[in-house]
Amino acid sequence: MSETFAFDEMDRKIVEQLRLNGRATNQQIAESLNLIASTVSTRIRRMEDAGMLRVVAVSDFAVHGHHVLIHLAVEVCGRPALDVAEELAVFPQVFAAHLVTGRYEISLLLTLRDMDELSPLITDSLSKVPGIRSMTPAIGLDIVKYGLDTAPIDSRRLV
């Protein structure tokens, strides 16, 4: 976009409505601001196109039946960490897998329906992945913010 984008008061009000209820429809926002839905739609699209607004979906794990969040730190030995992480990432309980630096090379976020799933998952499934030296679980009591904002990289060069 060649012209400079500037928020006006109505843009700010639309953004505020989205912050209050990220699932609000254009019609609901329009009604709350005494506008028509097409105006709201056009303004949202204009803000998105200018890179000034980004809608991000956040899922409530409990709504999907997952009541336990576990952070699992994985120490790797004898195999590239990336290969181990890729193999771990295919398990349905693995919500996120990250390569990290330090004692543990892999950081996993697991979502479980209840604590009874943890022991069999670790002992009967995850521990069978070759290259794992140790795993250290930590229960996630609450997440204040979980965000990821990265640029694409050639991860194979990290090994």
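On a predicted model such as this, the values are computed, not experimentally measured, just so you know. (Residues numbered from 1 in each chain as written. Predicted model: local features only at pLDDT ≥ 70, side-chain atom pairs only at ≥ 80, totals over all residues. Heavy atoms only, no water.)

Caption draft 1: Region of the structure containing the side chain of Arg43. Mapping Arg43 onto the fold places it in helix α3 (residues 37-49). In this structure the side chain of Arg43 is engaged in a polar contact, spanning 2.9 Å, whose partner is the side chain of Asp8. Residues contacting Arg43, with those up to four places away along its chain left out, are Asp8, Met10, Asp11 and Ile14. (Helix = DSSP H or I, 4+ residues; strand = E, 2+ residues; numbered from the N terminus. Polar contact = N/O pair within 3.5 Å; in protein donor to acceptor, adjacent residues only side chain to side chain. Contact = heavy atoms within 4.5 Å.)

Caption draft 2: View of the environment of Ile132. Its place among the elements puts Ile132 in strand β4 (residues 132-140). Judged by relative accessible area, which is 18%, Ile132 ranks as buried. When near neighbours in sequence (up to four residues on either side) are disregarded, Ile132 contacts Val74, Glu75, Val84, Leu88 and Leu126. (Buried < 20%, exposed > 50% of the residue type's maximum accessible area, 1.4 Å probe, protein only.)

Caption draft 3: Focus on the side chain of Ser134. Along the chain, Ser134 falls in strand β4. Excluding anything up to four places from it in sequence, Ser134 contacts Ala73, Val74, Glu75 and Tyr104.

Caption draft 4: Structural context of the nonpolar core. In terms of nonpolar packing, the biggest core is built from 21 residues, with Val74, Leu88, Ile106, Leu108, Leu110 and Leu126 touching the most fellow members. Those elements that place two or more of their residues in this core are β1 (68-76), α4 (81-89), β3 (106-112) and α5 (118-125). Looking at this core element by element, the count peaks at 5 residues for β1. The residues touching Ile106, leaving out its near neighbours within four places in the chain, are Leu72, Ala73, Val74, Val76, Ala81, Val84, Ala85, Leu88, His98, Leu99 and Val100. (Core = buried A, V, L, I, M, F, W, Y, C linked by side-chain atoms within 4.5 Å.)

Caption draft 5: Highlighting the pairing of β3. Of all 7 residues making up β3, 7 are buried, and the element is well covered by its neighbours. Note: β1 against β3, 7 bridges, orientation antiparallel. Within the sheet, the bridge partner assigned to His71 lies in β3 and is Leu109. Bridge count between strand β2 (residues 94-99) and β3: 5 bridges; the pairing is antiparallel. (Pairing = 2+ DSSP bridges.)

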